[in-house]
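So the chains spell out like this:
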Amino acid sequence: NWTTGNILEEQVERIRKQVGDARVICGLSGGVDSAVAAALVQRAVGDQLTCVFVDHGLLREGEAEQVERDFVAATGVKLYVANEQERFLSALAGVSDPETKRKIIGREFIRAFEEAELAIIAEAAAHGEKIKFLVQGTLYPDVVESGGGEGAANIKSHHNVGGLPEDLQFELVEPLRALFKDEVRAVGAQLGLPQEIVGRQPFPGPGLGIRIVGEVTKERLDLLRKADAIARAELTAAGLDNEVWQMPVVLLADVRSVGVMGDGRTYGHPIVLRPVSSEDAMTADWSRLPYELLARISNRITNEVEGVNRVVLDVTSKPPGTIEWE
Ligand code: XMP
């Protein structure tokens, strides 16, 4: 029976005990979990922590800036940024299969992260110090779904749990391992993180790469980012952020349908809205969003996003559907 207050105090104490005066490294994904994990460790051991942000170019509109600017401002954390958009695009070129995409993104992420690590290790060595610990923002449901829990099947290769390098030379610090998402948000708010980060919907590690059904290209990413930003802005404007657990916006890049715009025929791609309600992402139901809101999102996306001529709503629960399409 934890309250937020004693979760925070207890984790800060634990981290201090585990880490001592060693140096720590933490990857920031842009999501709430890694942000809260990093902020907890920062609270516990201050400048012994260095954060790494690998910008893979698969984030949503505004998210990279929120990490590089707002998170740093709120926590005062030391941040190392690796701009790797080109690397991920070339690694993903020509690939459509969902699990292959996940594996490529996971692999490139680890490589890019390791390169960043080397730079930080070298910097620490120059001060006669060593990096001993790595922070992971693993939550309880991740542990269960990736097969770490009792009798759980491995459904998708989640890259924040299953994708650690085999020759891991760090000890892990996992301050969120026993927590559910709502507890993580409460701790984040208590740590003074901005609402845009704390209130953020869960977002998969492979990012928009698994929300494009088909090959991932720069143009498709830009298109999906626009549609996603519209859907999110309208959901927020309707005051319904707390009614949905998350709302993936998916581009069916391999599908085209006929439409009409003005006097002309169009042949464009559909965008899928996938709003779900859930407690922990292990099961989910599709959210009954107001028709007026759906109409506004649909009108805006089809008018404002070139190449999209249809918006469809996913009305499948989990199971049998998963929350993400890939
Ligand atoms: P599914 O699609 O399996 O998703 O119903 C369950 C929850 O997990 C998120 N998700 C991921 N999170 N790395 C993550 O950190 C991943 O590879 C990944 N794949 C899915 C998804 O957004 C949902 O919240």
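Note that the coordinates shown come from a computational prediction; the quantities given were computed from them, not determined experimentally.

The rules we used
Residues numbered from 1 in each chain as written. Predicted model: local features only at pLDDT ≥ 70, side-chain atom pairs only at ≥ 80, totals over all residues. Domains from an automatic or database assignment. Helix = DSSP H or I, 4+ residues; strand = E, 2+ residues; numbered from the N terminus. Nonpolar A, V, L, I, M, F, W, Y, C, P; charged D, E, K, R; others polar. Axes fitted to C-alpha atoms, helices over the stretch in contact; angles between N-to-C directions. Parallel < 35°, antiparallel > 145°, perpendicular 65-115°, else oblique. Left-handed = near helix turned anticlockwise from the far one by under 90°. Contact = placed C-beta atoms within 7 Å. Expected span 1.5 Å × (residues − 1). Buried ≥ 20, exposed ≤ 12 C-beta atoms within 10 Å, placed from the backbone. Core = buried A, V, L, I, M, F, W, Y, C linked by C-beta atoms within 7 Å.

### With respect to the domain arrangement of the protein
Line of reasoning, step 1. The domains assigned to the protein are domain 1 (4-198) and domain 2 (211-313).
Line of reasoning, step 2. Counting residues per element, the ones that place at least two in the side of domain 1 that touches domain 2 are helix H4 (85-92) and helix H6 (140-145).
Line of reasoning, step 3. Classifying every residue of the side of domain 1 that touches domain 2 by side-chain character gives 6 nonpolar, 3 polar and 5 charged.

### Topic: the packing of helix H1 (residues 4-19) against helix H2 (residues 32-45)
Line of reasoning, step 1. Across the interface, H1 lies against H2 with an axial gap of 9 Å and an inter-helix angle of 65°. For the element pair H1 / H2, the angle class is roughly perpendicular. The two elements H1 and H2 cross, and the hand of that crossing is right-handed. Residues Gln11, Val12, Ile15, Arg16 and Val19 of H1 pack against Leu40, Val41, Arg43, Ala44 and Val45 of H2.
Line of reasoning, step 2. Across the contact of H1 with H2, the residue classes tally to 7 nonpolar, 1 polar and 2 charged.

### Structural notes on helix H9 (residues 218-237)
Line of reasoning, step 1. Across its 20 residues, H9 extends 28 Å between first and last C-alpha, which sits within 8% of the 28 Å expected from 1.5 Å per residue.
Line of reasoning, step 2. Considered for burial, the residues of H9 that qualify are Leu221, Leu223, Leu224, Arg225, Lys226, Ala227, Asp228, Ile230, Ala231, Glu234 and Leu235.
Line of reasoning, step 3. In this structure, the buried side of H9 is in contact with strand S6 (212-213), strand S7 (249-252), strand S9 (264-273), helix H10 (291-304) and strand S12 (308-313).
Line of reasoning, step 4. One or two steps after H9, the chain reaches Gly239, where phi turns positive at roughly 70°.

### A few points about the nonpolar core
Line of reasoning, step 1. Val24, Cys26, Val36, Ala38, Val41 and Ala227 are the most contacted members of the largest nonpolar core, which has 69 residues in total.
Line of reasoning, step 2. In terms of residue count, H2 provides more of this core than any other element does, 10 residues in total.
Line of reasoning, step 3. Among the domains, domain 1 (4-198) and domain 2 (211-313) are the pair contributing at least three residues each to this core.
Line of reasoning, step 4. Contacts of Val36, omitting those with residues within four sequence positions, involve Gly137, Leu176, Val184, Val187, Gly188, Leu191 and Leu193.

### Overview of unusual backbone geometry
Line of reasoning, step 1. Here the bond from Lys318 into Pro319 is cis, since omega is -10°, no more than 30 degrees from zero.
Line of reasoning, step 2. If you trace the backbone, Pro319 turns up in the segment after S12.
Line of reasoning, step 3. Look at the link from Pro319 to Pro320: it is a cis peptide, with omega at 10°.
Line of reasoning, step 4. Summarising the element assignment, Pro320 is placed in the segment after S12.
Line of reasoning, step 5. One non-glycine residue, Ala281, adopts positive backbone phi at about 70°.
Line of reasoning, step 6. The topology assignment puts Ala281 in the loop between strand S10 (276-277) and strand S11 (285-286).

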